[in-house]
Each structure stands twice: as structure tokens, then as C-alpha cells.
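Okay, here's what each chain looks like letter by letter:
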Amino acid sequence: GVRITIDVRRDYNAKIILNQLYKYTSLEQSFVIIMLALVRNQPRILNLKEMLTHYLEHQREIVLRRTRFDLRKAEQRAHIVEGLRIALEHLDAVIKLIRGSATIKEAKDGLVEQFSLTEKQAQAILDLRLQKLTALEREKLEAEYKELLENIEYYKKIISDDSLLLSII
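The notes below deal with the structure included here. (Residues numbered from 1 in each chain as written. Predicted model: local features only at pLDDT ≥ 70, side-chain atom pairs only at ≥ 80, totals over all residues. Heavy atoms only, no water.)

**Concerning the pattern of salt bridges**
Item 1. Throughout the structure, instances matching the rule amount to nine salt bridges.
Item 2. Measuring nitrogen to oxygen at the nearest pair gives 3.6 Å for the salt bridge that ties Arg 9 to Asp 11.
Item 3. Between Glu 144 and Arg 77 there is a salt bridge; the shortest N-O distance is 2.7 Å. Of this pair, Glu 144 sits in helix α6 (residues 135-160) while Arg 77 sits in helix α2 (residues 48-89), placing them 67 residues apart in sequence. (Salt bridge = Lys/Arg side-chain N within 4 Å of Asp/Glu carboxyl O. Helix = DSSP H or I, 4+ residues; strand = E, 2+ residues; numbered from the N terminus.)

This is how it looks when you write it as C-alpha cells:
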């Protein structure tokens, strides 16, 4: 910090000198802010406390929406990965079923019936490239599934725990 000391002679008034410093220098500056904001689609002039309150509500809504979106995406991907894990566990039976099917629809219906999969999981299995069947890809799939479960748990914790939500904001 910088400290400025001004010594004034006895015959001068210190308050007058200070006022002149404020007036003729940039020692003190003031400016006006009109805190106009849209609150529930209505324009309002707010004080500082109201502005901060509405800002925090807005941030809370944004973080919750983003977290719900991320949660939904993670749950969808985990659902697909669960189906791929089932297919990798019963790989020989899945390949036999697909090779024995005349059409894609027949193969998909067979996967759904035989392994209790959903349509999306069956389609993901049919879209799976053969290079994904290596041991390294299996490990990546297991790691992705574990990470997805951790993320889902974290997202649910954010949605349910108000103090964690505020710490993120």
C-alpha cells in the first residue's frame, strides 16, 4: 500500500485542504450506477442486496439445470455401457445370435429377448465395431462405467445437497 502524509501549517485549516484535494485530484471519485434488472420478466430498479439475491437465485438455477442435464447424459451413457458390458460377458452367444439372424431387426429383437436388453442397448451392441472387443477396450469400458457411476452419484449429491450447490456457485 501507498501512504501519503500531508502536513499542514498551523494557520491553514486541514479540512479545507482535504476538500480541495478531493475536488482537484482523483483522490476521491464517485460514480452512479442504476441497478436496473429484469426480475420475472419485469424491469425493476434494485438495491445492492436485492441484486445479489437475484443473482444468486439465477446462478442456483443455472447450476441445477446444468447438473440435471449432465446427470441425464451420464445416465443415458451408463445405460448403453451396461448393455455393452452384458454383451462382452456373453460375447460368443451374442456373435452366434447376430450371425444367425437374417435381418438387423431380427438380431436386435433376439438381443432384447435373450439378454433382457433395451432397444437402445441392443442397437449399441449392433453398432459396436469388432476392434472394441480387445482386452484394452474392455478395460476402458469398465473404467468408463466406473467413472460414469461416480459422476452420477456426484450429480445427485449436488441436486440434493444445498450447501454443496452453494459452494459450487
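**Some details on helix α4 (residues 104-115)**
Item 1. Here α4 spans 16 Å end to end across 12 residues, near enough to the 16 Å set by a 1.5 Å rise per residue.
Item 2. Of the positions making up α4, those classed as buried are Ala 107, Lys 108, Gly 110, Leu 111 and Phe 115. The arc enclosing the buried residues of α4, seen along the axis, measures out at 160°, which places them on a common side. When the buried face of α4 is taken as reference, the exposed residues oriented beyond 90 degrees from it are Lys 105 and Glu 113.
Item 3. Check the buried side of α4 and you find it contacts α2, α3 (91-100) and α5 (119-127).
Item 4. Just downstream of α4, Ser 116 is the residue with a positive phi angle, here 55°. (Expected span 1.5 Å × (residues − 1). Buried < 20%, exposed > 50% of the residue type's maximum accessible area, 1.4 Å probe, protein only. Arc of directions from axis to C-beta. Contact = heavy atoms within 4.5 Å.)

**A word on the packing of α2 against α6**
Item 1. The contact between α2 and α6 brings their axes to 9 Å, and the two run at 150°. With respect to α6, the element α2 is oriented roughly antiparallel. For the pair α2 and α6, the sense of crossing is left-handed.
Item 2. Of the residues belonging to the contact of α2 with α6, the class tally is 14 nonpolar, one polar and 10 charged. (Axes fitted to C-alpha atoms, helices over the stretch in contact; angles between N-to-C directions. Parallel < 35°, antiparallel > 145°, perpendicular 65-115°, else oblique. Left-handed = near helix turned anticlockwise from the far one by under 90°. Nonpolar A, V, L, I, M, F, W, Y, C, P; charged D, E, K, R; others polar.)

**Re the side chain of Thr 67**
Item 1. Turning to its location among the elements, Thr 67 is positioned in helix α2.
Item 2. If we ignore the near neighbours within four places in the chain, the residues touching Thr 67 are Tyr 155, Ile 158 and Ile 159.

**Some points on unusual backbone geometry**
Item 1. Positive phi outside glycine occurs at Arg 40, with the angle close to 55°.
Item 2. Along the chain, Arg 40 turns up in the loop between β1 (36-39) and β2 (42-45).
Item 3. For Asn 41, which is not glycine, the phi torsion reads 65° and is therefore positive.
Item 4. Within the secondary structure, Asn 41 is located in the loop between β1 and β2.
Item 5. Overall, Asn 41 belongs to the exposed group, its relative accessible area being 67%.

**So, the environment of Leu 148**
Item 1. Of note, Leu 148 is situated in helix α6.
Item 2. According to the relative accessible area criterion, Leu 148 is buried, its value standing at 10%.
Item 3. Residues Leu 148 and Glu 113, 35 residues apart in the sequence, show an inter-C-alpha distance of 26 Å.
Item 4. If near-sequence neighbours (up to four positions away) are discounted, Leu 148 is found in contact with Ala 74, Arg 77, Ala 78 and Val 81.

**Some words on the nonpolar core**
Item 1. In this structure, Leu 84, Val 94, Leu 111 and Ile 125 are the most contacted members of the largest nonpolar core, which totals 23 residues.
Item 2. Taken together, the elements giving at least two residues each to this core come down to α2, α3, α4, α5 and α6.
Item 3. No other element matches α2, which puts eight residues into this core.
Item 4. The next biggest cluster of nonpolar side chains, apart from the first, holds five residues, and it includes Val 63, Leu 64, Ile 158 and Leu 165. (Core = buried A, V, L, I, M, F, W, Y, C linked by side-chain atoms within 4.5 Å.)

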